[in-house]
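Okay, here's what each chain looks like letter by letter:
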Amino acid sequence: RRNRRLPTAATTQAIGKKYRLTMTSFLSATSAVQSRNGVNALPIRNTEGGATLPVSFDGAPTAGDDGSIDHGVTKNPYERRFSPYEFNGGTTLAISGKDYAVVAGDTRLSEGYEILTRDVTKLHELTDRVVLASAGCKTDIDQLWSVLDIKCNVYKHNHRKTMSVESSAQMLGNTLYGRRFFPYYSFNVLAGVDSEGKGAVYSYDAVGSFERTPFSATGSGQSFLIPLMDNVISHKNRNDERRELGSDEVVEIVKDAFVTAGERDIYTGDKVEIAVITKDGIQRTTFDLKAD
């Protein structure tokens, strides 16, 4: 066997200078960790309030650590998730008539069981004859409105005319469909007066499928308004003679409908904003609802 020479002190010193080797003890490493954290236990943030995680440097189990996933802080399981969406509540409703359309939305903005504001509009004028009502996630709604405004302005500059309600309906459908893989969390109803002077209402899903209907409702109070509108507006399951309703009468129906929805839905309330669309333009009015 070839004899191996042991490294000399000079050789060891040269290696240390080259690689900057630092010798430390277990005690000094432990002290360094504790000094960086300021405590003998690492802090953890959780939904149950402030807590600490005991740290052991010798591999032995520490006091208070029962070996569970949360180290004995709480016996409840942890649940962590992230969602890019937040449902901010609210209700919208649109009804079409012979030569008008009525669209309405409440002004309450909520998050969970908190009311963030009592005076935010859910109605957005795209043109002087078209109004979009949106309920859902407020941030997505604002972004959608901004995109639609840009497209309306581009259309106006290119064609030297204002976009019709039919074109607006198709534009909204295309915009929503373009985001179908990460949709706007916005539930929309579009109302206006068409080129023939008739009232028009378009109902949408989240990814742009739409149809023209006599009325449409979206939002947290949708399930309370649809059955009422089926009876009053569509005249379903009734034996009496159907008559044409004027815009003033429809406005009163809308007020009663939102009062009904507000009594059953905590996310609907404060005020309802109503817009009446005719060939002459848009008239707005407000009606107070419950504030609790």
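Residues numbered from 1 in each chain as written. Predicted model: local features only at pLDDT ≥ 70, side-chain atom pairs only at ≥ 80, totals over all residues. Heavy atoms only, no water.

Caption draft 1: Here's a closer look at helix 3 (residues 138–159). Helix length check: helix 3 (22 residues) gives 31 Å between terminal C-alpha atoms against 32 Å at 1.5 Å per residue, within 8%. Taken as a whole, helix 3 has its buried residues at Lys-138, Asp-140, Ile-141, Leu-144, Trp-145, Leu-148, Cys-152 and Tyr-155. For helix 3, the buried positions fall inside an angular range of 145° around the axis, keeping them on one side. When the buried face of helix 3 is taken as reference, the exposed residues oriented beyond 90 degrees from it are Thr-139, Ile-150, His-157 and Asn-158. Where the residues of helix 3 are buried, they touch strand 5 (109–111), strand 7 (123–125), strand 8 (130–136), helix 4 (165–178) and strand 9 (186–193). Where helix 3 terminates, the next one or two residues include Arg-160, which has phi positive at roughly 60°. (Helix = DSSP H or I, 4+ residues; strand = E, 2+ residues; numbered from the N terminus. Expected span 1.5 Å × (residues − 1). Buried < 20%, exposed > 50% of the residue type's maximum accessible area, 1.4 Å probe, protein only. Arc of directions from axis to C-beta. Contact = heavy atoms within 4.5 Å.)

Caption draft 2: Highlighting the packing of aromatic side chains. Applying the stated criterion across every chain, the model contains six aromatic pairs. For the pair Tyr-85 and Tyr-185, a centre-to-centre distance of 5.1 Å together with 50° between the ring planes defines the contact as tilted. In this pair, Tyr-85 sits in the loop between strand 2 (51–54) and strand 3 (91–96) while Tyr-185 sits in the loop between helix 4 and strand 9, placing the two residues 100 residues apart along the sequence. Among the aromatic residues, ring-to-ring pairing joins Tyr-85, Phe-87, Phe-182, Tyr-185 and Phe-187 into one connected group. For the cation-ring pair, Arg-179 lies above Tyr-184, with the distance from its terminal atom to the ring centre recorded as 4.3 Å. (Phe/Tyr/Trp six-rings, centres within 6.5 Å; stacked < 30°, edge-to-face > 60°. Lys NZ or Arg CZ within 6 Å of the ring centre and 35° of its normal.)

Caption draft 3: Highlighting unusual backbone geometry. We note that Arg-160 has phi near 60°; this positive angle belongs to a residue other than glycine. Relative to the elements of secondary structure, Arg-160 occurs in the loop between helix 3 and helix 4. Phi is positive for Asp-270, which is not a glycine, with a value near 75°. Its location among the elements puts Asp-270 in the loop between helix 6 (247–264) and strand 13 (271–278). For Asp-270, a relative accessible area of 7% translates into the label buried.

Caption draft 4: Structural view of the pairing of strand 4 (residues 101–106). Here strand 4 lies mainly inside the structure; six of its six residues are buried. Of the two faces of strand 4, the one holding Ala-101, Val-103 and Gly-105 and the one holding Val-102, Ala-104 and Asp-106 are both buried throughout. Following strand 3, the chain reverses through four residues before pairing antiparallel with strand 4. Pairing analysis gives six bridges linking strand 4 to strand 13, with the strands arranged antiparallel. Looking across to strand 13, one finds that Ala-101 is bridged to Ile-277. (Pairing = 2+ DSSP bridges.)

Caption draft 5: Structural detail: the packing of helix 3 against helix 4. One can describe the packing of helix 3 onto helix 4 by two numbers: an axis separation of 11 Å at closest approach and a directional angle of 130°. When the axis of helix 3 is compared with that of helix 4, the two are oblique. Seen along the crossing, helix 3 lies across helix 4 with a hand that is right-handed. Contacts between helix 3 and helix 4 involve Leu-144, Val-147, Leu-148, Lys-151, Cys-152 and Tyr-155 from the first element and Ser-167, Met-171, Leu-172, Thr-175 and Leu-176 from the second. Here the contact of helix 3 with helix 4 is built from residues that sort into eight nonpolar, two polar and one charged. (Axes fitted to C-alpha atoms, helices over the stretch in contact; angles between N-to-C directions. Parallel < 35°, antiparallel > 145°, perpendicular 65-115°, else oblique. Left-handed = near helix turned anticlockwise from the far one by under 90°. Nonpolar A, V, L, I, M, F, W, Y, C, P; charged D, E, K, R; others polar.)

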